[in-house]
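Structural characterization, general
Spelled out from the first residue to the last, the chains are:
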Amino acid sequence: AGIKLATEVGDDGTREMLEKDFPGVNQLFGDGNLWFTGSCNLGLRFALDHGFDYATVFNDDNYVEPEILSSQAECARRHPGSILGIRSYKLGTPKIIWAVGGIVTKRVIGVGITWLSKNDPDDGCTYHDPFPVDVLDGSGQFYPTSVVRAIGFWDDRYKMYFADAEYALRAKRKGFQPISNPGAIAWHDFLESEVV
């Protein structure tokens, strides 16, 4: 089966490039009002409607390593009933970590999320094997579609930010463990993601 791509309508040439260079790719288009969360949900609905076993979500500003999907599929087989995240590095750096997942931590007032090793250099020793986390960021998440059927879609009240973390927290509350898979690697163009 071809790659399924959910995207907003745009004029950046992506649609034409995919049609020309990857004619087997099925593209899905929104009306320009989906934002990131709505686009992810469009793709997840397509995966469910067409009987796929797995679905993945990536930020559009990621550059992925060639083995990322095979690494995620293998990790999913070893950790059934889990949702998976990736190890992403900041693009253009010598392996500075953008994301490997996070944990919920108590704060002076309430709770918050501590993103593990964010902005730290990868020491080459810390992250080898998949490990449980509380939250995953949207740089890359991988789901058995059975999990999506059980807990639903991303919460579209969060148009651009936080739906990724909320989804992982919701999955965990429903008994589906979020797992960080450091063997699945992407390079994230973090300058495109900075909140202004």
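Throughout, residues of each chain are indexed from 1 in the direction in which the sequence is written. Only residues with pLDDT of 70 or above have their local features reported here, since the model is predicted, and side-chain atom pairs are shown and tallied only from 80 upward, although totals for entire chains, interfaces and linings are computed over all residues. Hydrogen atoms and water are omitted, and side-chain values are computed over all heavy atoms in the structure.

The backbone phi angle of Lys-95 is positive, close to 65 degrees, even though this residue is not glycine. Relative to the elements of secondary structure, Lys-95 occurs in the loop between strand S5 (83–90) and strand S6 (97–99). One non-glycine residue, Asn-119, lies in the positive phi region at around 70 degrees. In this description a helix means any DSSP run of H or I spanning at least four residues, a strand means any run of E spanning at least two, and both kinds are numbered starting from the N terminus.

So, on to the nonpolar core. One broad rule of soluble globular proteins: the nonpolar side chains tend to lie buried together. Note on terminology: a nonpolar core comprises buried Ala, Val, Leu, Ile, Met, Phe, Trp, Tyr and Cys residues joined through side-chain atoms within 4.5 Å. Throughout, exposure labels follow a simple rule: accessible area from a 1.4 Å probe, protein chains only, divided by the maximum for the residue type, with under 20% read as buried, over 50% as exposed, and the rest as partly exposed. Counting 27 residues, the largest nonpolar core has Leu-44, Val-57, Ile-83, Tyr-143 and Trp-154 as its most contacted members. Ranked by residues supplied to this core, first place goes to helix H2 (residues 35–49) with five residues. With near-sequence residues (within four places) excluded, Tyr-143 lies in contact with Leu-44, Asp-53, Tyr-54, Ala-55, Val-57, Ile-83, Val-148, Trp-154 and Tyr-167. Counting residues in hydrophobic clusters, the runner-up holds six residues, among them Ala-73, Cys-75, Ala-76 and Ile-179. Pairs of residues are marked as contacts when any of their non-hydrogen atoms sit within 4.5 Å.

To continue, consider the pairing of S5. Taken across its eight residues, S5 has eight buried, putting it largely inside the fold. For two strands to be treated as a pair, DSSP must find no fewer than two bridges joining them. Judged from the two bridges that link them, S5 and strand S10 (residues 140–144) form a sheet pairing that is antiparallel. Bridge pairing in S10 links Leu-84 to Phe-142. Bridge count between S5 and S6: two bridges; the pairing is antiparallel. What sits directly across from Tyr-89, in S6, is Ile-97.

Following the sequence through the fold, Ser-139 ends up in the loop between strand S9 (131–132) and S10. A distance of 2.5 Å separates the side chain of Ser-139 from the side chain of Asp-137, its partner in a polar contact. Beyond its immediate stretch of four places on either side in the chain, Ser-139 contacts Val-57, Phe-58, Asn-59, Asn-62, Ile-86, Ser-88, Trp-98, Ala-99 and His-188. In the analysis that follows, any N or O atom pair within 3.5 Å is treated as a polar contact, provided that within protein one partner can donate a hydrogen and the other can accept it, and provided that, for residues neighboring in sequence, both atoms belong to side chains.

What follows covers the confidence of the model for the chain. pLDDT measures how confident the predictor is about each residue, on a scale from 0 to 100. On average, residues of the chain carry a pLDDT of 89, and 92% of them reach 70 or more. Taken element by element, the chain is modelled with least confidence in strand S1 (residues 4–7), mean pLDDT 54, and with most confidence in S9, mean pLDDT 97.

The next subject is the environment of Arg-78. Turning to its location among the elements, Arg-78 is positioned in helix H3 (residues 68–78). Along the sequence, Arg-78 and Pro-130 sit 52 residues apart, while their C-alpha atoms lie 9.7 Å from each other.

Salt bridge, as used here, is a side-chain nitrogen of Lys or Arg placed within 4 Å of a carboxyl oxygen of Asp or Glu. A full pass over the atoms with the stated rule returns eight salt bridges. A salt bridge links Lys-172 to Asp-134; the nearest nitrogen and oxygen atoms lie 2.4 Å apart. Note that Lys-172 is positioned in helix H5 (residues 163–173) and Asp-134 in the loop between S9 and S10, a separation of 38 residues in sequence. For Lys-172, a relative accessible area of 34% translates into the label partly exposed. For Asp-134, a relative accessible area of 14% gives the class buried. What you see here is one network of salt bridges that share partners, running through Glu-74, Arg-77 and Arg-78.

Moving on, we get to the packing of aromatic side chains. Stacked, tilted and edge-to-face are the three classes applied to pairs of Phe, Tyr and Trp rings, where Trp contributes its six-membered ring and a pair requires centres within 6.5 Å; stacked means planes under 30 degrees apart, edge-to-face means over 60, and tilted covers the rest. One pass over the structure, following the stated rule, counts eight aromatic pairs. Through successive ring pairs, a cluster of aromatic residues spans Phe-36, Tyr-143, Trp-154 and Tyr-167. For a Lys NZ or an Arg CZ to count as sitting over a ring, it must be within 6 Å of the ring centre and within 35 degrees of the ring normal. Sitting over the face of the ring of Phe-29, Arg-15 holds its NZ or CZ atom 4.2 Å from the ring centroid. Just above the ring of Phe-153 sits the side chain of Arg-45; from NZ or CZ to the centre is 4.4 Å.

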